[in-house]
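# Tertiary structure, described
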Amino acid sequence: MQTHDIRQRFLSHFERAGHTVVPSASLLLDDPNLLFVNAGMVPFKPYFLGEASAPYPRATSIQKCVRTGDIDEVGKTSRHNTFFQMAGNFSFGDYFKETAIKEAWSLLTTSQADGGFGFDPDRLWATVYHDDDETETLWREIAGLPEERIQRRGMADNYWSMTVPGPCGPCSEIYYDRGPEHGREGGPIVDEDRFLEIWNLVFMQNIRGEGPAKEGYPILGELPAKNIDTGLGIERVAYLLQGVDNVYETDLVRPVIAKAEELSGRRYGADETADVRFRVIADHARSGVMLIADGVTPGNEARGYVLRRLLRRIVRSARLLGVKEPVLGEFTSVVRDVMSPAYPELTTDYERIESVMRTEENAFLATLTSGSKIFDLAATATRDSGAVVLPGDKAFQLHDTYGFPIDLTLEMAAEQGLSVDEEGFRSLMAEQRARAKSAAASRRTGHGDKSVYRDLLDQGATEFVGYERLESESVVR
Ligand code: ATP
Ligand code: MG
Ligand code: MG
Ligand code: MG
């Protein structure tokens with residue numbers, strides 16, 4: 001079943017069940033806690049909080065999402081994209097748990113001939129929040145799930161929240177068992193690769209306070225109403241229904257791998273290290289195109305830096321596969337061809353998107369060779385001195401003079417068995433930023449306030465992990 005069909009079936013199913021179909025919002029909504037929209041509920045947040053009244057009691061959407069926090073998983077797990085499409089159904093104080101479970105179960109298990117996804121019900125598992133007896137009972141009654149296929153989990157896994165005070169609630173996730181050839185018995189708690197998470201049903205009912213997501217945070221009270229917020233990964237459903245091995249081999253991602261095979265003359269599937277690079281290229285190319293389409297341009301701060309990182313990683317990965325020519329323009333047209341039926345702006349805005357891509361690639365290629373030489377010299381010197389940590393000033397020089405994002409330096413160092421003095425790097429970055437700020441202050445003429453993202457950066461977000469933390473805490477893991 002093609003991705004387009006999966007999207008259509010989802011929306012039609014919920015439209016039939018009385019939901020208003022709402023188009024995806026931009027990846028760039030103004031939310032002080034998020035660089036990018038990373039879940040389907042983000043555009044609806046004011047309705048959950050009661051800050052605005054929802055124009056419809058039920059909605060359904062397929063929201064573009066970017067999760068930079070998942071970047072290190074890309075190409076290595078079978079299931080993490082940086083850009084993906086989250087299908088969701090939402091109830092704003094209308095239906096609650098029972099209908100949410102009924103509708104999800106019906107879409108998943110109704111035969112394909114009758115408009116559903118046709119999953120084998122015997123392969124589906126559910127998790128519930130550890131004290132949520134009601135949901136466990138509903139899974140038994142509605143879906144007939146036996147006790148051993150309903151697992152209980154604590155706050156870190158089964159309580160959705162954002163990083164700061166905001167809507168939150170217990171959740172129940174649905175997993176698909178890919179079979180014993182893919183891992184261990186025992187359900188998602190034991191093996192999340194064999195048991196693929198496909199859908200998260202969040203019972204949005206509380207307000208969270210300050211505190212770390214992982215260790216638990218205070219619940220301040222109740223939302224004005226009990227709501228439903230669900231998220232189903234379209235790419236993950238495609239991965240299962242297309243009989244492929246991971247999200248990168250699905251119909252909207254695999255063509256970029258094919259293009260990389262063509263350009264490199266190498267074959268995907270022959271060597272694991274190369275395969276990770278193929279998958280990284282395919283994933284990042286799509287994310288890059290979607291981010292540029294929504295207005296991000298490569299830069300050294302916040303969103304622009306995320307984009308730069310993705311694009312430069314593609315270029316380097318392609319080089320490592322042996323491609324000598326520029327690649328970003330090539331990949332951009334492949335992404336457009338597969339994605340434009342759902343995202344026509346990729347066609348109408350193509351020239352601009354491609355030109356941003358090419359400009360960034362040229363800028364990087366101009367310094368990649370000389371930067372790589374500097375890196376090699378520094379790596380050799382480090383090893384010769386018997387050390388295993390590359391000095392922070394080298395990482396800074398690579399960033400500042402050669403445009404190497406820190407994660408690129410980290411990746412290159414790791415390939416040589418070295419680590420990097422990230423703290424030293426960060427303090428040099430902070431010094432530089434302070435200099436730039438005071439220079440800017442003396443020139444300032446009262447432009448719009450971009451301080452939100454600058455603040456993110458000042459918290460150390462030039463290091464990619466900074467974004468990761470901001471983001472990963474805002475989603476249920
Ligand atoms: P995982 O545990 O696999 O990282 P998650 O628990 O972080 O997923 P949720 O925040 O619950 O994911 O998001 C809802 C759904 O969105 C998931 O059930 C999954 O189908 C999909 N999804 C989440 N992250 C990704 C991703 N990086 N790439 C593709 N699909 C994703
Ligand atoms: Mg989840
Ligand atoms: Mg999870
Ligand atoms: Mg996750």
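Think of each chain on its own: its residues are numbered from 1, step by step along the sequence as written. Numbering of ligands from 1 and lettering of chains from A proceed in the order in which they are written. Only residues with pLDDT of at least 70 get local features here, since the model is predicted, and only at 80 or more are side-chain atom pairs given and counted; chain-wide, interface and lining totals rely on the full set of residues.

## Concerning the overall build of the protein chain
As a reminder of what qualifies: A run of H or I in DSSP becomes a helix once it reaches four residues, and a run of E becomes a strand once it reaches two; helices and strands are each numbered from the N terminus. Computation of the radius of gyration draws on C-alpha atoms, with the globule rule given as 2.2 Å multiplied by the number of residues to the power 0.38. Exposure in this text rests on C-beta crowding, where 20 or more other C-beta atoms within 10 Å of a residue's own make it buried, 12 or fewer make it exposed, and counts in between make it partly exposed. The C-beta atoms are placed from the backbone.
A count of helices and strands for the protein chain gives 17 helices and 11 strands. A compact globule built from 477 residues would reach a C-alpha radius of gyration of about 23 Å, and the protein chain, at 23 Å, matches this within 12%. Across its three principal directions, the C-alpha atoms of the protein chain cover 65 × 50 × 50 Å. The proportion of buried residues among the 477 residues of the protein chain is 47%.

## A word on the pairing of strand E2 (residues 58-66)
The following threshold applies: Any two strands with at least two DSSP-identified bridges between them are counted as paired.
Of all the nine residues making up E2, eight are buried; the element is thus mostly covered by neighbouring parts of the structure. Pairing of E2 with strand E3 (residues 83-91) involves nine bridges; the strand directions are antiparallel. The residue bridging Gln63 from the neighbouring strand is Met86, located in E3.

## Comments concerning the environment of Thr380
Tracing the backbone through its elements, the reader meets Thr380 in helix H12 (residues 350-384). Judged by local crowding, Thr380 falls into the exposed class, with 11 C-beta atoms found within 10 Å. Here the alpha-carbon distance between Thr380 and Gln416, two residues 36 residues apart in the chain, equals 9.7 Å.

## Observations concerning the environment of Leu28
Where we set the bar: Residues are scored as being in contact if the C-beta atoms we place from backbone atoms lie within 7 Å.
The residue Leu28 is located in the loop between strand E1 (20-22) and helix H2 (45-49) in this model. Dropping the residues within four chain positions of it, Leu28 is found in contact with Phe36, Asp294 and Gly295.

## With respect to the domain arrangement of the protein chain
Stated precisely, the cut-off is as follows: Domain start and stop positions are those given by an automatic or database domain assignment. Under the scheme applied, nonpolar residues are Ala, Val, Leu, Ile, Met, Phe, Trp, Tyr, Cys and Pro; charged residues are Asp, Glu, Lys and Arg; polar residues are all the others, including Gly.
You can read the domains of the protein chain as domain 1 (3-241) and domain 2 (253-444). The gap between the C-alpha centroids of domain 1 and domain 2 is 31 Å. Listed by partner, the interface residues are 15 residues for domain 1 and 17 residues for domain 2. If you list the elements that add at least two residues to the side of domain 1 that touches domain 2, you get helix H1 (3-16) and E2. Residues that form the side of domain 1 that touches domain 2 fall into these classes: six nonpolar, six polar and three charged.

## A short note on the nonpolar core
Nonpolar side chains in soluble globular proteins generally cluster together in the buried interior. Using the following cut-off: To define a nonpolar core, we join buried Ala, Val, Leu, Ile, Met, Phe, Trp, Tyr and Cys residues through C-beta atoms within 7 Å and take the resulting set.
Grouped together as the largest cluster of nonpolar side chains are 110 residues, with contacts concentrated most on Ala104, Val256, Ile281 and Ile314. Here this core takes 11 residues from helix H8 (residues 272-293), the largest share from any one element. Counting only domains with at least three residues in this core, you end up with domain 1 (3-241) and domain 2 (253-444). For Val256, the contacting residues outside a window of four places in its chain are Ile281, Ala282, Ala285, Arg286, Phe331, Val334 and Val335.

## Here we look at the confidence of the model for the protein chain
The following threshold applies: The predictor rates its confidence in each residue with pLDDT, a number between 0 and 100.
Averaged over every residue, the pLDDT of the protein chain is 90; the share at 70 or more is 91%. For the stretch residues 446-477, pLDDT sits under 50, and the model shows 59 contacts to residues farther than four places along the chain or on other chains. Prediction confidence for the complex, expressed as pTM and ipTM, is 0.90 and 0.99 respectively.

## Looking at the pairing of strand E8 (residues 195-208)
For E8, the tally of buried residues reaches 13 of 14 residues, placing the bulk of the element in the interior. Pairing geometry for strand E7 (residues 166-177) and E8, over 10 bridges, is antiparallel. What sits directly across from Pro167, in E8, is Ile207. As paired elements, E8 and strand E9 (residues 219-233) share nine bridges and run antiparallel to each other. Of the residues in E9, the one forming a bridge with Ile207 is Gly221.

## A short note on helix H10 (residues 328-339)
Which entries qualify depends on this criterion: To estimate the expected span of a helix, subtract one from its residue number and multiply by 1.5 Å. Comment: arc refers to directions from the helix axis out to C-beta atoms.
Look at H10: 16 Å from first C-alpha to last across 12 residues, which is about the 16 Å you get at 1.5 Å a residue. Every buried residue of H10 is listed here: Leu328, Phe331, Thr332, Val334, Val335, Val338 and Met339. The arc that holds the buried residues of H10, viewed along the axis, is 165°, so those residues lie on one side. Structurally, H10 contributes buried residues whose contacts are with helix H7 (254-264), H8, helix H9 (302-320), helix H11 (345-348) and H12.

## Re unusual backbone geometry
The phi dihedral of Ala302 is positive, around 45°, even though this residue is not glycine. Of note, Ala302 is situated in helix H9. Look at Ala302 and you get buried, because 21 C-beta atoms sit within 10 Å.

## Quick notes on the packing of H12 against helix H13 (residues 392-402)
To keep things clear, this is the line we draw: The convention used is that axes are lines fitted to C-alpha atoms, helices contributing only their stretch in contact, and that angles between N-to-C directions extend from 0 to 180 degrees. The cut-offs work like this: below 35 degrees is roughly parallel, past 145 is roughly antiparallel, 65 to 115 is roughly perpendicular, and the gaps in between are oblique.
Contact geometry of H12 with H13 gives a least axis separation of 10 Å together with a crossing angle of 170°. Between H12 and H13, the angle is such that the two are roughly antiparallel. Between H12, through Thr367, Ser370, Gly371, Ile374, Phe375 and Ala378, and H13, the contact on the second element is made entirely by Lys394, Gln397, Leu398 and Tyr402. Here the residues of the contact of H12 with H13 sort into five nonpolar, four polar and one charged.

## Topic: the packing of H10 against H12
Applicable threshold: By definition, turning the near helix anticlockwise from the far helix through less than a right angle yields a left-handed crossing, and turning it clockwise yields a right-handed one.
Closest axis-to-axis distance for the H10/H12 pair is 9 Å, and the angle between their directions is 150°. Considered as vectors, H10 and H12 are oriented roughly antiparallel to each other. In this structure, the crossing between H10 and H12 has a hand that is right-handed. Each of Leu328, Gly329, Thr332 and Arg336 in H10 lies in contact with H12, whose residues at this interface are Tyr350, Ile353, Glu354, Met357, Arg358, Glu360 and Glu361. Counted by class, the contact of H10 with H12 contains four nonpolar, two polar and five charged residues.

## A few points about H9
With 19 residues, H9 ought to run about 27 Å at 1.5 Å a step, and its terminal C-alpha atoms sit 27 Å apart, in line with that. In terms of burial, H9 is largely enclosed, as 16 of its 19 residues are buried. Just downstream of H9, Gly322 is the residue with a positive phi angle, here 100°.

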